[in-house]
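# A closer look at the structure
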Amino acid sequence: SQTIHQWPATLVQPVGSPLSLECTVEGTSNPNLYWYRQAAGRGLQLLFYSVGIGQISSEVPQNLSASRPQDRQFILSSKKLLLSDSGFYLCAWNRDRVLSGNTIYFGEGSWLTVV
Amino acid sequence: ELKVEQNPLFLSMQEGKNYTIYCNYSTTSDRLYWYRQDPGKSLESLFVLLSNGAVKQEGRLMASLDTKARLSTLHITAAVHDLSATYFCAVGSSGSARQLTFGSGTQLTVLP
């Protein structure tokens, strides 16, 4: 079965500091990978998605970036955090399986508080 | 641009009662999903609906899809406290296998 892990689970970072969130998927190959952000009490916003190694699509211009150095690894980064970057970050994956509806599955999430 | 609207945003209901959450979307889509999120937790997939008239049921939850009306409903039957959570619908953009647009969520509280 497939599993998705992301870490760290929680972190508190000062404004202007760098960020690195990591996500790995096990039990599948060539997944589509996603980073979503959920601000407190809000819905989900797609930040980045990737359909393959080195292929990153950005949905929202901001001071965040993403990279996919390996097939099942997805990294979210920032060089300098802003207060507005605080939120719940969710990594997710799916496969292009039309019959199963391409359901997206989410990791456990990472709580980021920028102070 | 695909827009997804859920209502109500907040719902308090008594145990044993029935209620429906609505999800409207603005453009043609071939995929509609329902997710559940417990406080401080990630999202759990509940249902995926792929065709007009599709109906799926799991326990006290039943989801349906009307693609002509661009409407999905999540019906709760005889609510119990364990159903308290935030429920999100999400819609796939037609022609894209990969991206979802989420509604704002419905925060459901089931009172004893």
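Please read these numbers as outputs of a predicted model, since none were measured by experiment. (Residues numbered from 1 in each chain as written. Chains lettered and ligands numbered in written order. Predicted model: local features only at pLDDT ≥ 70, side-chain atom pairs only at ≥ 80, totals over all residues. Heavy atoms only, no water.)

### Comments concerning the overall build of chain B
Along its length, chain B carries 0 helices and 11 strands. When the helices and strands of chain B are listed from N to C terminus, the series reads β-β-β-β-β-β-β-β-β-β-β. A compact globule built from 112 residues should have a C-alpha radius of gyration of about 13 Å, and chain B, at 13 Å, falls within 12% of that. Dimensions of chain B, computed from C-alpha atoms along their principal axes, come out at roughly 45 × 30 × 20 Å. Out of the 112 residues in chain B, the part that is buried amounts to 44%. Taking the intrachain contacts of chain B between residues at least 6 apart in sequence as the baseline, contacts between residues at least 24 apart amount to 56%. Counting every atom, chain B has about 5,500 Å² of accessible surface; 47% of that belongs to carbon and sulfur. (Helix = DSSP H or I, 4+ residues; strand = E, 2+ residues; numbered from the N terminus. Rg over C-alpha atoms; globule rule 2.2 N^0.38 Å. Buried < 20%, exposed > 50% of the residue type's maximum accessible area, 1.4 Å probe, protein only. Contact = heavy atoms within 4.5 Å. Areas by Shrake-Rupley, 256 points an atom, 1.4 Å probe, with all protein chains shown as cover.)

### Overview of the pairing of strand S9 (residues 87-94) of chain A
Residues and elements named next belong to chain A. Of all the 8 residues making up S9, 8 are buried; the element is thus mostly covered by neighbouring parts of the structure. When strand S4 (residues 32-38) meets S9, the two strands line up antiparallel, connected through 7 bridges. By the bridge assignment for S9, Trp35 is matched with Cys91. Looking at chain direction, S9 and strand S11 (residues 110-114) are connected through 3 bridges and run antiparallel. Residue pairing across strands places Gly87 opposite Leu112, the latter belonging to S11. With 2 bridges joining them, S9 and strand S10 (residues 105-106) adopt antiparallel strand pairing. (Pairing = 2+ DSSP bridges.)

### What about the nonpolar core?
Core analysis: the biggest nonpolar cluster contains 25 residues, and B:Leu32, B:Trp34, B:Leu74, B:Ile76, B:Tyr87 and B:Leu108 have the highest contact counts within it. Setting aside residues up to four positions removed in sequence, B:Tyr87 forms contacts with B:Gln6, B:Ile21, B:Tyr35, B:Arg36, B:Leu46, B:Leu61, B:Leu74, B:Gly105, B:Thr106 and B:Leu108. Counting residues in each nonpolar core, the second largest holds 20 residues, with A:Leu47, A:Phe48, A:Leu76 and A:Leu81 among its members. (Core = buried A, V, L, I, M, F, W, Y, C linked by side-chain atoms within 4.5 Å.)

### So, the sheet that holds strand S1 (residues 4-7) of chain B
For sheets, the rule is that strands pair by backbone hydrogen bonds, running either parallel or antiparallel. Residue and element names in this part refer to chain B. Across the sheet, which stays open at both edges, the 5 strands sit in the order S1-S3-S8-S7-S6 with antiparallel pairing between neighbours. At either margin of the open sheet sits one strand with a lone partner, and together these are S1 and strand S6 (55-58). Neighbouring strand axes in the sheet, compared pairwise and without regard to direction, differ in orientation by 15° on average. By the bridge criterion, 4 bridges tie S6 to strand S7 (residues 61-66) in an arrangement that is antiparallel. Considered in S7, the bridge of Glu58 is made with Leu61. (Axes fitted to C-alpha atoms, helices over the stretch in contact; angles between N-to-C directions.)

### Overview of the interface of chain B and chain A
Between chain B and chain A, the contact holds 19 residues from the first and 26 residues from the second. Summed over both partners, the interface of chain B with chain A comes to about 1,600 Å²; 55% of that surface belongs to carbon and sulfur atoms. Where chain B packs against chain A, one counts 0 salt bridges. The interface formed by chain B and chain A includes 3 residue pairs in polar contact (both at pLDDT 80 or more). (Buried area = accessible area lost by both parts, 1.4 Å probe. Salt bridge = Lys/Arg side-chain N within 4 Å of Asp/Glu carboxyl O. Polar contact = N/O pair within 3.5 Å; in protein donor to acceptor, adjacent residues only side chain to side chain.)

### Here's the deal with the pattern of salt bridges
Tallied over the entire structure, the rule returns 3 salt bridges over all chains. For A:Arg37, the salt bridge is made with A:Asp85, and the minimal N-O distance between the two is 3.6 Å. Of the two residues, A:Arg37 sits in strand S4 while A:Asp85 sits in the loop between strand S8 (73-78) and S9, which places them 48 residues apart along the sequence. For A:Arg37, a relative accessible area of 12% translates into the label buried. Its relative accessible area of 3% is what places A:Asp85 among the buried residues. In this structure, B:Asp38 engages B:Arg36 in a salt bridge whose closest nitrogen and oxygen atoms are separated by 2.9 Å.

### What to know about the sheet that holds strand S3 (residues 19-26) of chain A
Residue and element names in this part refer to chain A. The strand order across the open sheet built from 4 strands is S1-S3-S8-S7, with neighbouring strands paired in antiparallel fashion. The sheet is open, and its two borders are formed by strand S1 (3-7) and strand S7 (64-70), each paired with just one other strand. Direction aside, neighbouring strands of the sheet carry axes that sit 20° apart on average. Sheet analysis places S3 next to S8, joined by 6 bridges and oriented antiparallel. Within the sheet, the bridge partner assigned to Leu21 lies in S8 and is Leu76.

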